[in-house]
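Chain residues, written in single-letter form:
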Amino acid sequence: MERFTDEALVLSCVDYGEADRLVTLFTRAHGRLTAFAAGARKSKRRFAGALEAGTWLKAQLVERRGDTLRLDGVDVLRSYHHLREELPRIARALYSLELCRELLRDHEPHEALFDALRGYLELLEERQAGPTSLLKFELDALQHTGFRPRFAPCALCGGPTGARPLFDPEHGGVVCEGCAPRVPRGVPVSASLVDALARLQAGERTPLPAELRARARQLLNTFIAHHLGRRLKSVDFMEQVGTD
Ligand SMILES: [Zn+2]
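Note that the coordinates shown come from a computational prediction; the quantities given were computed from them, not determined experimentally.

Some points on the pairing of strand β1 (residues 2-16)
Here 8 bridges tie β1 to strand β4 (residues 56-63), and the two strands are oriented antiparallel to one another. From the neighbouring strand, Arg3 faces β4, where its bridge partner is Val62. Here β1 pairs with strand β2 (residues 20-27) via 8 bridges, running antiparallel. Along β2, the bridge assignment pairs Val10 with Leu25.

This is the structure in structure tokens:
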């Protein structure tokens, strides 16, 4: 039996049985972990509402060979309760958490992504994160987990992507017009969208206009769904709430 403590963000929680919960955590040093929180729905003292998606905490965990991890106790570092006051911010937070949960693998640490996610939740909490920040966060998350989309140069020939590029998730991103015959499933995209995403990926922080953001959202949804094999549920929630 091994006991350890790690900083963690709660990615999601599901009720289990009468009184327990299964908690999926993004821990700083151990990556994604799922732990069993016995009595979490009854013991207010031990978990005190801390097991909400997005909460940043210090988790006390117990690992037993061949068994599910046990969450013994938590200390809340920040609960981000302000961001839970508005649906658009809740939707963005849930999206960023679901994206990380699906991109990560168990026991594979990603400290840079952990810090990026925590930083993003912090911005949401402080009302500093608009829709462009979410696009930037997604691009960072994809990069940290080895799924970086290529916006320039052409993903196939390495040349300039030109005025009539195509986007093909299967080939990792944008390809030039000359390579179009090699990507029958490539979808035409505007050069301005490719340019905007390349700049965002490179670290530029200028907010994108709504029309460009909508097309960037479509493109990233397609890319992410292709690599994960399914569309993220929180994409639908963002659409219902009317936010991006
Ligand atoms: Zn090419």
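Here's the deal with the environment of His144
Looking at the element boundaries, His144 is found in helix α4 (residues 131-144). By C-beta crowding, His144 is classed as buried, having 20 other C-beta atoms within 10 Å. A sequence separation of 40 residues divides His144 from Leu104, and the C-alpha atoms of the two residues are 9.8 Å apart. Setting aside its immediate chain neighbours within four residues, His144 contacts His110, Ala112, Leu113 and Ala116.

Focus on the sheet that holds strand β3 (residues 31-37)
What the 5 strands build is a closed barrel, ordered β1-β2-β3-β5-β4; its pairing is mixed. Taking the axes of each pair of neighbouring strands and ignoring which way they run, one obtains an average angle of 50 degrees across the sheet. The strands touched by helix α2 (residues 87-103) are β1, β2 and β3; relative to β1, the strand with the most contacts, the crossing angle is about 115 degrees.

Here's the deal with the domain arrangement of the protein
Each assigned domain of the protein is listed with its residue range as follows: domain 1 (2-78) and domain 2 (83-153 + 159-241). One C-alpha centre belongs to domain 1, the other to domain 2, and the line joining them spans 29 Å. Between domain 1 and domain 2, the residue contacts involve 14 residues of the former and 17 residues of the latter. Of all the secondary-structure elements, those providing two or more residues to the side of domain 1 that touches domain 2 are β1, β2 and β3. Classifying every residue of the side of domain 1 that touches domain 2 gives 7 nonpolar, 5 polar and 2 charged.

Basis of the calculations
- Residues numbered from 1 in each chain as written.
- Predicted model: local features only at pLDDT ≥ 70, side-chain atom pairs only at ≥ 80, totals over all residues.
- Pairing = 2+ DSSP bridges.
- Helix = DSSP H or I, 4+ residues; strand = E, 2+ residues; numbered from the N terminus.
- Buried ≥ 20, exposed ≤ 12 C-beta atoms within 10 Å, placed from the backbone.
- Contact = placed C-beta atoms within 7 Å.
- Axes fitted to C-alpha atoms, helices over the stretch in contact; angles between N-to-C directions.
- Domains from an automatic or database assignment.
- Nonpolar A, V, L, I, M, F, W, Y, C, P; charged D, E, K, R; others polar.

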